[in-house]
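Residue-level listing of the chains:
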Amino acid sequence: VDAYRSALLEHTRDRVPLGWAITRMNMANALVLIGERRGDRDAVAEAVALYDEVLAVFAEAAPAYEAVARRNLDAVRARLAVME
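Here is a short report on the structure shown in this document. (Residues numbered from 1 in each chain as written. Predicted model: local features only at pLDDT ≥ 70, side-chain atom pairs only at ≥ 80, totals over all residues. Heavy atoms only, no water.)

### So, the packing of aromatic side chains
Here a ring pair, both rings aromatic, is described through the centre-centre distance and the interplanar angle of the planes.
1) Next: According to the stated counting rule, one finds one aromatic pair in the structure shown.
2) Next: Judged by centre distance (5.3 Å) and plane angle (20°), the rings of Phe58 and Tyr65 are stacked. (Phe/Tyr/Trp six-rings, centres within 6.5 Å; stacked < 30°, edge-to-face > 60°.)

Structural data, given as structure tokens:
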């Protein structure tokens, strides 16, 4: 996750929106794994927020990625509900 955060210093939404969105989605995927392994609800909740943020970029620039992000978001929201 730290590596993704570092990458996002260069891959900003303004400079490379698609790269930014892909990096954030990958970071969300990592946070889900960490959250599930550690029972860390905050990590999973952060992943939900990241998926939400990337949807607009994907809708405009890469609809196939948007579909993946939406599926991931639905699955993660379901996992988050179980963690409550």
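Right, picking up where we left off after that structure.
### Some thoughts on the side chain of Thr23
1) Next: By the element assignment, Thr23 lies in helix H2 (residues 17-38).
2) Next: Each residue touching Thr23, except ones within four places of it in the same chain, is listed here: Tyr4, Ala7, Leu8 and His11. (Helix = DSSP H or I, 4+ residues; strand = E, 2+ residues; numbered from the N terminus. Contact = heavy atoms within 4.5 Å.)

### Notes on the side chain of Glu66
1) Next: Note on placement: Glu66 falls in helix H4 (residues 63-83).
2) Next: Using a relative accessible area of 16% as the deciding quantity, one classes Glu66 as buried.
3) Next: For Glu66, the contacting residues outside a window of four places in its chain are Leu55, Phe58 and Ala59. (Buried < 20%, exposed > 50% of the residue type's maximum accessible area, 1.4 Å probe, protein only.)

### Describing helix H3 (residues 41-61)
1) Next: For H3, with 21 residues, the first-to-last C-alpha span of 31 Å sits near the 30 Å given by 1.5 Å per residue.
2) Next: At Leu55, H3 shows its largest kink, close to 35°.
3) Next: Residues of H3 that are buried include every one of Ala43, Val44, Ala47, Val48, Leu50, Tyr51, Val54, Leu55, Val57 and Phe58, and no others.
4) Next: Elements in contact with the buried residues of H3: H2 and H4.
5) Next: Two or three places before Asp42, at the start of H3, stands the capping residue Asp40, its side-chain oxygen 3.1 Å from that residue's backbone nitrogen. (Expected span 1.5 Å × (residues − 1). Bend = angle between axes of the 7 residues up to and from the residue. Polar contact = N/O pair within 3.5 Å; in protein donor to acceptor, adjacent residues only side chain to side chain.)

### A short note on the pattern of salt bridges
1) Next: If you walk through the whole model with that rule in mind, you get six salt bridges.
2) Next: As a salt-bridge pair, Arg24 and Glu53 come within 2.3 Å of each other at their nearest N and O atoms. Taken together, the residues span a long stretch of sequence, with Arg24 in helix H2 and Glu53 in helix H3 at a distance of 29 residues. (Salt bridge = Lys/Arg side-chain N within 4 Å of Asp/Glu carboxyl O.)

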